[in-house]
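Structural features, examined
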Amino acid sequence: MAEREEPVKGMDDVDAVTRAVLTASRLLVAVSARSLAQVEERVTLPQFRMLMVLSTRGATKLVALADQLQVSPSTAMRMVDRLIAAGLADRQTNPANRRETLLQLTDEGRRTVAFVTARRRAEIATIVQRLDPDQRAALVAALTAFNEAGGEPLAPAQGDPGPHPLGWEDPPAERYGA
């Protein structure tokens, strides 16, 4: 059985928290890898991260996308080219500035994100159900603070697409296959 470090009440032990987060990140990477298993021939984990950024941020310039992913623009461009070749993303001219190109998900890209996210959500829900209600509440508080400190936007609730990344109140039906 794995050794568990008991936190000392009132003590701010950065190393203990760091170790706990690293352990949790191994679990979450394993969940992520399993959720990608059925689409892994088309999408790697880094490419899926790009799809997620495009999904949450909407149409994005390459430089902004590279910055968000903390990769060089040339690395981002290679990833985009692969996603375009797989039919998961495309380029469009920015209607506000015809000299700029925006990157966005295709319908297939949106379906892929939805499929993988649903698989990931189901597996995480199975793990979370093993916690008692007090542990769940503490986990929500801790992870919310952690995500905010890291600048990661909150994932939408199940069945809630959340606010549109472009700020549309009533998105055009054709964007969602209606």
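The preceding data block contains the structure.
Structural notes, computed from the coordinates. Model, not experiment: these values are computed from the prediction. (Residues numbered from 1 in each chain as written. Predicted model: local features only at pLDDT ≥ 70, side-chain atom pairs only at ≥ 80, totals over all residues. Heavy atoms only, no water.)

What about the nonpolar core?
- Formed by 22 residues in total, the largest nonpolar core has its most connected members in Phe 48, Met 50, Leu 51, Leu 54 and Leu 65.
- Among the elements of the structure, α2 (45–57), α3 (62–69), α4 (73–85), β3 (97–105) and α5 (107–128) are those that each provide at least two residues to this core.
- Take this core: its biggest share by element is five residues, from α2.
- When near neighbours in sequence (up to four residues on either side) are disregarded, Met 50 contacts Leu 65, Leu 69, Ala 76, Met 79, Val 80 and Leu 83. (Core = buried A, V, L, I, M, F, W, Y, C linked by side-chain atoms within 4.5 Å. Buried < 20%, exposed > 50% of the residue type's maximum accessible area, 1.4 Å probe, protein only. Helix = DSSP H or I, 4+ residues; strand = E, 2+ residues; numbered from the N terminus. Contact = heavy atoms within 4.5 Å.)

Observations regarding unusual backbone geometry
- Here the phi dihedral of Gln 70 falls at roughly 55°; this positive angle occurs in a residue that is not glycine.
- Checked against the element boundaries, Gln 70 lands in the loop between α3 and α4.

With respect to the pattern of salt bridges
- Going through the model one piece at a time under the given rule, you end up with seven salt bridges.
- Between Arg 110 and Asp 107 there is a salt bridge; the shortest N-O distance is 2.5 Å. One end of the pair is Arg 110 and the other is Asp 107, both in helix α5 and three residues apart, which spans about a single turn.
- Residue classification places Asp 107 among the partly exposed residues on the basis of a relative accessible area of 37%.
- The residue Arg 111 makes a salt bridge to Glu 108 at a minimum N-O spacing of 3.0 Å. You can see Arg 111 and its partner Glu 108 sitting in helix α5, three residues apart, about one turn around the helix. (Salt bridge = Lys/Arg side-chain N within 4 Å of Asp/Glu carboxyl O.)

Topic: the packing of α2 against α5
- Packing of α2 against α5 brings their axes to within 10 Å, and their N-to-C directions diverge by 105°. The orientation of α2 relative to α5 falls into the category roughly perpendicular. In this structure, α2 contributes Phe 48, Leu 51, Met 52 and Ser 55 to the contact, and α5 contributes Thr 112, Val 113, Val 116, Thr 117 and Arg 120. (Axes fitted to C-alpha atoms, helices over the stretch in contact; angles between N-to-C directions. Parallel < 35°, antiparallel > 145°, perpendicular 65-115°, else oblique.)

Some words on the side chain of Thr 60
- One can find Thr 60 in strand β1 (residues 60–61).
- Among the polar contacts made by the side chain of Thr 60, one reaches the main-chain carbonyl oxygen of Gly 58 at a distance of 2.6 Å.
- In contact with Thr 60, other than residues within four places in its own chain, are Leu 54, Leu 65, Thr 101, Leu 102 and Leu 103. (Polar contact = N/O pair within 3.5 Å; in protein donor to acceptor, adjacent residues only side chain to side chain.)

Re the packing of helix α1 (residues 14–36) against α5
- Put simply, α1 and α5 touch, their axes get as near as 8 Å, and they point 135° apart. Taken together, the axes of α1 and α5 are oblique relative to one another. Of the two elements, α1 crosses α5, and the hand of that crossing is right-handed. Judged by residue contacts, Leu 27, Leu 28, Val 31, Ser 32, Arg 34, Ser 35 and Leu 36 of α1 engage Val 116, Arg 119, Arg 120, Glu 123, Ile 124 and Ile 127 from α5.
- Looking at the contact of α1 with α5 residue by residue, the class counts come to seven nonpolar, two polar and four charged. (Left-handed = near helix turned anticlockwise from the far one by under 90°. Nonpolar A, V, L, I, M, F, W, Y, C, P; charged D, E, K, R; others polar.)

Considering the pairing of β3
- Where β1 lies against β3, two bridges are found, and the strand directions are antiparallel. What sits directly across from Lys 61, in β3, is Leu 102.
- In this sheet, β3 lies alongside strand β2 (residues 89–94) in antiparallel orientation, the contact comprising six bridges. Pairing of Ala 89 across the sheet is with Leu 105, part of β3.
- Connecting the antiparallel pair β2 and β3 is a turn made up of two residues. (Pairing = 2+ DSSP bridges.)

Considering the sheet that holds β3
- With antiparallel pairing, three strands are arranged side by side in an open sheet as β1-β3-β2. Edge positions in the open sheet fall to β1 and β2, since each of these has one partner strand only.
- In this fold α2 packs onto β1, β2 and β3, with an angle of close to 115° to the strand it touches most, β3.
- Where α4 meets the sheet, its contacts fall on β2 and β3, and the angle it forms with β2 comes to roughly 110°.

Interpretation in functional terms is not warranted from these geometric data alone.
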